[in-house]
Amino acid sequence: MKARPRERLGLPCRAAHVSARSYPEFSRDDRPPGRYDRGFPRRPRAMTTTTDTPAHDPVEHSLRQVFGLQRFRPHQREIIDDLVAGRDAFVLMPTGGGKSLTYQLPALLRPGVALVVSPLISLMKDQVDALRANGVHAAFYNSALGADEARRVLGQLHGGELDLLYVAPERL
């Protein structure tokens, strides 16, 4: 069995966490249990590093080991650093500019499940297939799934087995 990307990076496995909105009046650790997380376990604290050298930098390590890339495109590193640190980002990039990496890579380094909302069913399938080929636990949930497959995906989500879940807007 192929090691999950988090395990290859030496990171602990994480609990599932899904939230439809952010609640700025509470920090993640101050939220009352169960009130905003819909019954899922709380997220563990984000991983921190003590050095910024490439050998000890989990962002650079993930870029090379999971995605097979040697360097970032313009602005990708800044976007990824903001997301890994838990900050919000509004990203507007041209087609082929590398948007996908800016949410896929942080999803591996942050606790919980990254939820990607996209109306493009064929793009979802292509991205999930590519992520799975790289050992990332990803799935999609859209109208193209049969009832059994949809239940299986939701079971993976609730079981904390996914790093990324692509969802069509009509399934939210």
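Up top you'll find the structure we're talking about.
Residues numbered from 1 in each chain as written. Predicted model: local features only at pLDDT ≥ 70, side-chain atom pairs only at ≥ 80, totals over all residues. Heavy atoms only, no water.

Visitor: Got a minute to help me understand the pairing of strand β3 (residues 164-167) in this structure?
Guide: Residues in a regular strand project their side chains so that they alternate between the two faces of the sheet. Burial of β3 is two-sided: the residues Leu164 and Tyr166 facing one way and the residues Leu165 and Val167 facing the other way are all buried. Where strand β1 (residues 114-117) meets β3, 4 bridges bridge the pair, whose relative direction is parallel. Looking at β3, one finds that Leu115 is bridged to Leu165. Across 4 bridges, strand β2 (residues 138-141) lies against β3 in parallel orientation. Within β3, the residue paired with Tyr141 across the bridge is Val167. Taken together, β2, helix α6 (residues 147-158) and β3 constitute a β-α-β crossover, and its handedness is right-handed. (Buried < 20%, exposed > 50% of the residue type's maximum accessible area, 1.4 Å probe, protein only. Helix = DSSP H or I, 4+ residues; strand = E, 2+ residues; numbered from the N terminus. Pairing = 2+ DSSP bridges. Right-handed = clockwise from strand over helix to strand, strands pointing away.)

Visitor: Please explain the nonpolar core as it appears in this structure.
Guide: Soluble, globular proteins show a tendency: their nonpolar side chains are buried together. In terms of nonpolar packing, the biggest core is built from 33 residues, with Leu105, Leu164, Leu165 and Tyr166 touching the most fellow members. In this view, Leu164 contacts Tyr103, Gln104, Ala107, Val113, Ala114, Val116, Leu131, Val136, His137, Ala138 and Ala139; residues no more than four positions away in its chain are not counted. (Core = buried A, V, L, I, M, F, W, Y, C linked by side-chain atoms within 4.5 Å. Contact = heavy atoms within 4.5 Å.)

Visitor: Got a minute to help me understand the side chain of Gln104 in this structure?
Guide: One can find Gln104 in helix α4 (residues 99-109). Using a relative accessible area of 8% as the deciding quantity, one classes Gln104 as buried. Of note is the side chain of Gln104, whose polar atom sits 3.0 Å from the side chain of Tyr166. The residues touching Gln104, leaving out its near neighbours within four places in the chain, are Phe67, Gln127, Leu131, Leu164 and Tyr166. (Polar contact = N/O pair within 3.5 Å; in protein donor to acceptor, adjacent residues only side chain to side chain.)

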